[in-house]
Structure formats: structure tokens, C-alpha cells
Amino acid sequence: MIKTALISVFDKTGLESIVEFLREKNIKIISTSGSAKFIRENGCKVTEAGDLTGYGEILGGRVKTLHPALFAGILAKRDSQRDMEELQKAKIEPIDLVVVNFYPFSSKGLHSRDEDESVEYIDIGGPSLVRSAAKNHKWVTVLTSPSQYGEFLANIDRKTLDTDADFRKKCASKAFSMTSHYDAIISGQMNDGSMEPLSCFPYVIADKLAYGENPHQEGYFLKNPLCSVSLAEIQPRLSYNNILDAEAALRAVKSFEKPAVAVVKHQTLCGLAEDDDILKAYAEAYETDPDSAFGGIFAINRKIGVDLAENIDKTPFLTMILAPDADDEAKKIITKKKKRIIILDDRIFSNSPKLQIRSVTGGFLCQTADFFEDPSSWDTVSDQKPDKETLKSLVFAQKAVMFVKSNAIVLAKGTEIVGIGGGNVSRVDSVIQACSKAGERSKGSVLASDAFFPFPDSVEYAFKCGVRAIVQPGGSKGDSKVLECADKCGIIMVFSKRRHFYH
């Protein structure tokens, strides 16, 4: 139940709605000078923090709220008899609602040319109050942005004056995010934007790499503290490009529950197969494109046995092998070549990033991770319908196309990729490339496309090369002509209604 609120805000946007509610419910308000003036002007009684602590504001306003009378009231555990007795003995009342936002360092302090002026915009008490309230969110509600006020007023029970536990936890999460972001901006400004700077990221600098994508570029690995394990920690010898390629191979092979092998080079899928027999999956993945597999990275989603290890040892020049584990004898075989990087750790097959982040000038682009759709949502739009085996192959091809970039096309037979086309600005060029890679294997294959076909030309070329079924998102203005072409050629056409296009 909210009986006492602490308000200390620089940005007073929308604060009147909170003040009006607190006045209406006769909730006591404690506040600092600037906010207290605003509260009084809105017709509400307020107790100034200085009157409560007995110190007032000192050091020119640098110290306003840093006092046990406030922090103990926020941090006391309401179900602890000891805590509540200590509050009572010290004549400190619990604080149940904390409404705080910070001095505007990002808009004022960050761009000030006067360092003494800049540091005055670094808030000390505000973040401390917010972190305290967030830590004790089991009992305390913390609001750090005007954008939360409406949700708070909608969430609170008007009779019991309680907020929902999930709402308090959500607010606490936002509070810690806010303090982290605030400190990161200050840290970055103090580093003058130099490269040491990786301190301005809310990540831990786990390792400095040998170099970036090219020898003249510096490379670093920044560990996400929420991730239990990372490739760079397991194998310190990895380069910038090793990590990118390994990540691409892992994402591809983790999409399959059955034994599967993915081959990646330069972040581009160049082999993929799934089979009940991991030996067969390995052979088929390699045979997708043996020339491109040279110097590639192999990800295997099963423990490596002796038979597979012997096949691996015969494969010309592998840069890296990723697998959950290997038999003792198998380890001896695959580690004979010292330049080959071997990572055996089942943890790397369970981690899946929820967000994808790219740097651009002035900031970052962020998106949720892509995922494979339920094939039962697909629509067969052609006259010809897929049988069970054809549909199984189309599902496999559709999963595989998610790991090829830019106008991606894959050809599959069963659960083996036989041709890959991508990295083109024209879709028909990717079809030509995939069919060329497949050669005679394109006859009787199925095709998956990461985005729709704008024209019938890709279907016509695929038909000439022996493709018998196609899965694509659909949604083009040219869908009717593309479908007409498919029916004329006797090709099965399925609309997945889900695009998996990557730049």
C-alpha cells in the first residue's frame, strides 16, 4: 500500500497527474526544493526532504537526498521485523513510491565545453534513489520517466493503493536500464570518444582481439553480461572473423533437432545437411560445395565419434570445428593438425540471441532475432500439391535459406542442400548461381527463396534446371504471373507468408 511518496525530478512533464492522484488519496509527499515548489503550485501539501533529514540542502545543492532518513525508508524490507523495528526506533517512515529523473547530462553536460560546468550535471542522489527503489521493488514502485505515469495510474488499485508486482518489477528493470545508460554516457564523454572507450558500452570488455576484419583495424570482444558463455572466452585464439563465421555456423545448425552439419565461410552458408546419421549429414554438407568449404568452419550438432573424426581428418583444410563434445579417441584424431581450431562445448549450442545489433554512424540499429515460422501456416497456391516428402524437403530448404544473405536461394534434395545462391542484387542472378552450383543435382530439387519473386523469370530458369517445387513468401504485385508460370511449368508453388531477407 502506498502511504508515502518521494518526488525529485528535473523533468516535470506530466507530473501534475501524479500530484493530483496523491493529493486525492491523501498520500504524503516528500520532495526536494524544485519539485516541492511545483507540487505546492499544484495545490498539494509537501514535506521537503531537508526538513525530514534535518540537514536541508548543502554544498550548493550537491547533497539533498543522501541521508538514511530517506534511503532506509526506501530500502527497508516490509516483511522483516528487524528492519521495521529499526525504522520505528529511528522514527523513519517507509517510502512506497519513488518518482525520480535525473539532471540532463546528455542534453547539457555532455556538450558543455567547460569541464567544471559539465560535471555539475552529473546526478548523484537521483541514481542512488532509483537504484535503491528498484532493488526493493518487492514493496516499492519506482517511476523514472513521465511516460510511465499513465501506466502507473492505470495499474494502481484505487482502494488498496497497491500496484501489481509485475508492474513494479517492470519499472525496476527500466530503472536499472536508465542508470546504466546514464553512467555509460558520462563514461563515454570522459573518454573523449577515443577507442579505449568501450567503457561507454553496457558490456564487459572480455578480450582485445589480434585485429579487426583487416590487420590495420583494432578488434575487441564485448561480452553481454547476461550471456552465460561466449566463444571468445572458450577459445581466446579466435579472431574477429573467426567469431563472425562461427556464429553464423552455429545459428544455422542450431535450427535442426536431428543430426545436422553446417559449413560457413565469410559468414556465408556453403553447406548444410540433416540426416539421422551424422556421418551422412557431414558428407552431404561438405558435398554441397567442396570448393567453398575449403578453409571453412564446420558446426556439428552432435558429439563427434571416431568414425566422424576420421572423416573430418580427411577433409582438406578446415579452419574450425564446433561441436557439443567428442569421444576421447576422436579428440586425439581431430586435434592432430595444430592450426585447426577445435571448440567442444555444448553451451554454445543452447545460447540464442534475442536481439541483433549493428553499428551505424551516430548509433546502433537493433532488431529482434528472426525465427522459423510454423509450416502449417503455409499456403499451397499452385495446381500441383506437395506430397509428404516434398513438403519435408521444402521445410528444410526454408530453414536453410534463413542463413544465406541478399536475394538468397537454396536448392535442396531431401534434407541436403545441393545449391546456394546469394549476395546478389538481382533475384534471378541468385537462382542462376544456385543452379550453376548444383549442376545436375538441380534436377528434381526443391527451391526456397528468402523473399518473393517479382517476375516469372526466376521460375522459368528454375524449371529449365529441373526444379520441381518452390517455397517463397509471396506478396508481390507479380504473384499472379509468377503462379501462372509455375502452373504452366508444372511446378509446385507454396507461399510461406514469411520473409527471411538479410542484407
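Everything in this summary refers to the structure shown in the same document. (Residues numbered from 1 in each chain as written. Predicted model: local features only at pLDDT ≥ 70, side-chain atom pairs only at ≥ 80, totals over all residues. Heavy atoms only, no water.)

### Topic: the nonpolar core
Core analysis: the largest hydrophobic core is formed by 48 residues, its most contacted members being Leu269, Leu322 and Val410. Sorting elements by how many residues they give to this core places helix H11 (residues 240-253) first, with seven residues. Excluding anything up to four places from it in sequence, Val410 contacts Ala397, Ala400, Val401, Val404, Ile417, Gly419, Ile420, Val446, Leu447 and Ala448. By size, the runner-up hydrophobic cluster in this structure holds 47 residues, among which are Val9, Phe38, Leu161 and Ile186. (Core = buried A, V, L, I, M, F, W, Y, C linked by side-chain atoms within 4.5 Å. Buried < 20%, exposed > 50% of the residue type's maximum accessible area, 1.4 Å probe, protein only. Helix = DSSP H or I, 4+ residues; strand = E, 2+ residues; numbered from the N terminus. Contact = heavy atoms within 4.5 Å.)

### Here we look at H11
Its 14 residues place the ends of H11 21 Å apart at the C-alpha level, agreeing with the 20 Å of an ideal helix rising 1.5 Å per residue. All of the buried residues along H11 are Asn242, Ile243, Asp245, Ala246, Ala248, Ala249, Leu250, Ala252 and Val253. (Expected span 1.5 Å × (residues − 1).)

### Topic: the sheet that holds strand S3 (residues 47-48)
The strand order across the open sheet formed by five strands is S3-S2-S1-S4-S5, and the pairing between neighbours is parallel. The open sheet terminates on both sides in strands that have one partner only, identified here as S3 and strand S5 (141-143). As judged from the four bridges shared by strand S1 (residues 4-8) and strand S2 (residues 28-31), these two strands associate in the parallel manner. For Leu6, the partnering residue across the bridge sits in S2 and is Ile30. Against the sheet, helix H7 (residues 125-135) makes contact with S1, strand S4 (97-100) and S5, and its axis sits at roughly 145° relative to S4, the strand it touches most. (Pairing = 2+ DSSP bridges. Axes fitted to C-alpha atoms, helices over the stretch in contact; angles between N-to-C directions.)

### Re the pattern of salt bridges
A full pass over the atoms with the stated rule returns 19 salt bridges. Ionic pairing is found between Arg340 and Asp313, a salt bridge with its closest N-O pair at 3.9 Å. Placement of Arg340 in the loop between helix H15 (328-334) and strand S12 (341-344) and of Asp313 in helix H14 (residues 306-314) is noted, with a sequence separation of 27 residues between them. Of the two residues, Arg340 and Asp313, neither departs from the other in class, the shared state being buried. Note that Asp379 and Lys497 form a salt bridge whose closest N and O atoms lie 3.3 Å from each other. Here the residue Asp379 occupies a position in strand S15 (residues 379-380), and Lys497 occupies one in the segment after strand S20 (492-495), the gap between them amounting to 118 residues. Among the ionic contacts, a cluster of salt bridges with common partners joins Asp313, Lys336 and Arg340. (Salt bridge = Lys/Arg side-chain N within 4 Å of Asp/Glu carboxyl O.)

### Description of the packing of helix H17 (residues 427-438) against helix H18 (residues 457-464)
Relative orientation of the contacting elements H17 and H18 amounts to 10°, with a least axis distance of 9 Å. The orientation of H17 with respect to H18, classified from their angle, is roughly parallel. Facing Arg427, Val428, Val431, Ile432 and Cys435 of H17, the residues of H18 in contact are Asp457, Ser458, Tyr461 and Ala462. Here the residues of the contact of H17 with H18 are counted per class, giving six nonpolar, one polar and two charged. (Parallel < 35°, antiparallel > 145°, perpendicular 65-115°, else oblique. Nonpolar A, V, L, I, M, F, W, Y, C, P; charged D, E, K, R; others polar.)

### Some points on the state of the cysteines
Overall, the coordinates contain zero disulfides when judged by the stated rule. Free of any disulfide, Cys485 has its nearest cysteine sulfur in Cys489, 4.2 Å distant. Given the relative accessible area of 19%, Cys489 is considered buried. (Disulfide = S-S within 2.5 Å.)

### Brief notes about unusual backbone geometry
Peptide bonds are, in most cases, trans, and in most cases residues other than glycine have a negative phi. The phi dihedral of Lys91 falls on the positive side, at around 55°, and the residue is not glycine. When you line up the elements, Lys91 lands in the loop between helix H5 (81-89) and S4. Take Lys91: its relative accessible area is 78%, and that puts it in the exposed class. Within the chain, His266 stands out as a residue other than glycine whose phi angle is a positive 55°.

### Quick look at the pairing of strand S17 (residues 416-421)
The buried fraction of S17 is high, at six of six residues. When strand S16 (residues 409-413) meets S17, the two strands line up antiparallel, connected through five bridges. Bridge pairing in S17 places Val410 opposite Ile420. Taken together, S16 and the strand that follows it, S17, pair antiparallel across an intervening segment of two residues, in which Gly414 is found at a positive phi of about 60°.

### Let's talk about the side chain of Ser445
By the element assignment, Ser445 lies in the loop between H17 and strand S18 (446-449). Among the polar contacts made by the side chain of Ser445, one reaches the main-chain carbonyl oxygen of Ser442 at a distance of 2.7 Å. Apart from residues no more than four positions distant in its own chain, Ser445 is found in contact with Leu411, Ala412, Lys413, Val418, Gly466, Val467, Arg468 and Ala469. (Polar contact = N/O pair within 3.5 Å; in protein donor to acceptor, adjacent residues only side chain to side chain.)

### What to know about the packing of aromatic side chains
In this structure the tally under the stated criterion is six aromatic pairs. Considering the side-chain rings of Phe256 and Phe396, the 5.4 Å spacing of their centres and the 45° angle between planes classify their relative orientation as tilted. Of this pair, Phe256 sits in the loop between H11 and strand S8 (260-265) while Phe396 sits in helix H16 (residues 388-401), placing them 140 residues apart in sequence. Arranged with centres 5.4 Å apart and planes meeting at 35°, the rings of Tyr282 and Phe298 form a pair that is tilted. Taken together, the residues Tyr282 in helix H12 (residues 278-288) and Phe298 in strand S10 (residues 297-300) connect sequence positions 16 residues apart. Summarising the burial analysis for this pair, Tyr282 and Phe298 share the class buried. (Phe/Tyr/Trp six-rings, centres within 6.5 Å; stacked < 30°, edge-to-face > 60°.)

### Thoughts on the packing of helix H4 (residues 68-75) against H7
One can describe the packing of H4 onto H7 by two numbers: an axis separation of 8 Å at closest approach and a directional angle of 25°. The orientation of H4 with respect to H7, classified from their angle, is roughly parallel. Contacts from Phe71, Ile74 and Leu75 of H4 reach H7 at Gly125, Ser128, Leu129, Ser132, Ala133 and Lys135.

### Considering the environment of Gln356
Within the fold, Gln356 resides in strand S13 (residues 355-360). In this structure Gln356 comes out as partly exposed when scored by relative accessible area, which is 25%. If we ignore the near neighbours within four places in the chain, the residues touching Gln356 are Leu365, Cys366, Gln367, Thr368 and Ala369.

### Structural notes on the environment of Lys12
Within the fold, Lys12 resides in the loop between S1 and helix H1 (15-24). On a C-alpha basis, the gap between Lys12 and Asp164 in space is 25 Å, while along the polypeptide they are 152 residues apart. If near-sequence neighbours (up to four positions away) are discounted, Lys12 is found in contact with Gly34, Ser35 and Phe38.

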